[in-house]
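Secondary and tertiary structure notes
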Amino acid sequence: MKTPTRLLAALGLALGLSLPALAQTTMKISISVAQNSHQGVAIDTFAREVEKRTGGRYKVQGFYSGSLGGERESIEAVQLGTQELTFSSTGPVPNFVPEARILDIPFLFRDKAHARAVLDGAIGQDMLKPFESKGFKALAWGENGVRHMTNSKRAVNSPDDLKGLKMRTMENPVHVAAYKGFGIITTPMAFPEVFTALQQGTVDGQENPLSVIMAAKFEQVQKHLTLTGHVYSPAIFLMNKGAFDKLSAADKQHFLDAAKEAVKANRARVDEDDAKGVAELRAKGMQVVENPDKSKFQAALTPVYAEFEKQFGKANIDRIRNAR
Ligand code: EAX
């Protein structure tokens, strides 16, 4: 009876091994930009790490280029639970979690290193908490990048050149207020509509990090780029709170660790894009103003800044500005 025993044992082993496969859960995650981008790298790394760390019990399926909707719609879907996860810029986030607005203030951060230190430090980690009462588990801050201006009309050398330009903005109240301060005619719009709007001339310009400009091929519909670096654009890994709460304690940690790994890959790609972006976009025909006088752009926002200080509290803004 040796053989049947062995067979049974083998069968049992086979069944045992297939059990986790049966218990596999697939979750959805989305981005509004193309897969070949700093955001694609983020969610693909996240998916790989989740699968690896949970021994394949959890799979994360990526949806790219706004195929599940723009960022606002995706965040809404995560809040409702019709989709488990999204990786989004903070563009539409203030409409869900107003506490996050302060991060979208122009010229708040000196550079990416400053922003990353704040987001990874006590201030940033505290700011993940208010998401919980709104139906989200915010797994980690990621990065969209430092935003620059593009348009089809003229070279922008100083803030005066922005006056009267019709520009698409994110659906973000802080950005809209600030860009009005530049004299821009602001047109908030979801990202998946931007390429066509630029192509058809519904708007003259838009502003985004080099990573996004390249991933979206905006050089095909925009002649001028100015490295205004007017605002740092954070991104965030959001998960439906119910879906997160259902995970075991160990799996919760796996998801958090996966997000951390993903953010590393995401930031590395942003750095890579920033390093090669200007040369690449020039080669594709864009005219680039590389070193505009940033202090002039900053000065143009003085009245708006007074308004922000009232709204957010000067001490709160300074706490971020002066963080080392
Ligand atoms: O998250 O809407 C935007 O301009 C964002 O920067 C873009 O979708 C990437």
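Described in the following lines is the structure provided in the data block. Computed from a predicted model, the values in this text were never measured in an experiment. (Residues numbered from 1 in each chain as written. Predicted model: local features only at pLDDT ≥ 70, side-chain atom pairs only at ≥ 80, totals over all residues. Heavy atoms only, no water.)

This part covers the site of the ligand. Every residue lining the ligand is accounted for by Ser32, Val33, Gln39, Glu71, Ser89, Asn144, Arg147, Arg168, Met170, Phe191, Asn208 and Val212. Within the side chain of Arg168, an N or O atom sits 2.7 Å from an oxygen atom of the ligand. In isolation the ligand offers 260 Å² of accessible surface; the protein chains occlude 99% of this area. Looking at side-chain class alone, the shell around the ligand contains 4 nonpolar, 5 polar and 3 charged residues. (Near = heavy atom within 4 Å. Polar contact = N/O pair within 3.5 Å; in protein donor to acceptor, adjacent residues only side chain to side chain. Areas by Shrake-Rupley, 256 points an atom, 1.4 Å probe, with all protein chains shown as cover. Nonpolar A, V, L, I, M, F, W, Y, C, P; charged D, E, K, R; others polar.)

All right, on to the side chain of Glu143 then. One can find Glu143 in strand β4 (residues 136-151). The class of Glu143 is buried, set by a relative accessible area of 0%. Side-chain polar atoms of Glu143 contact the side chain of Arg116, separated by 2.7 Å. One polar contact links Glu143 to Tyr232, side chain to side chain, over a distance of 2.5 Å. Setting aside chain neighbours within four positions, we find Glu143 in contact with His38, Phe87, Lys112, Arg116, Tyr232, Ser233, Pro234, Ala235, Asn266, Arg267 and Val270. (Helix = DSSP H or I, 4+ residues; strand = E, 2+ residues; numbered from the N terminus. Buried < 20%, exposed > 50% of the residue type's maximum accessible area, 1.4 Å probe, protein only. Contact = heavy atoms within 4.5 Å.)

This paragraph deals with the pairing of strand β5 (residues 166-169). Where β5 meets strand β6 (residues 185-188), 4 bridges bridge the pair, whose relative direction is parallel. Bridged to Thr169 within β6 is Pro188. You can see the chain leave β5, run along helix α6 (residues 173-181) and come back into β6, and the turn it takes is right-handed. When β5 meets strand β7 (residues 205-209), the two strands line up parallel, connected through 2 bridges. Following the sheet pairing, Arg168 is matched in β7 by Gln206. (Pairing = 2+ DSSP bridges. Right-handed = clockwise from strand over helix to strand, strands pointing away.)

With that out of the way, let us pick up helix α3 (residues 71-80). The set of residues buried in α3 consists of Glu71, Ser74, Ile75, Ala77 and Val78. An end-on view of α3 places all buried positions within 160° of arc, on one side of the element. Contacts from the buried residues of α3 go to β1 (25-30), α2 (38-53), β3 (85-89), β4 and β8 (224-240). Just downstream of α3 lies Gly81, where phi reads positive at about 90°. (Arc of directions from axis to C-beta.)

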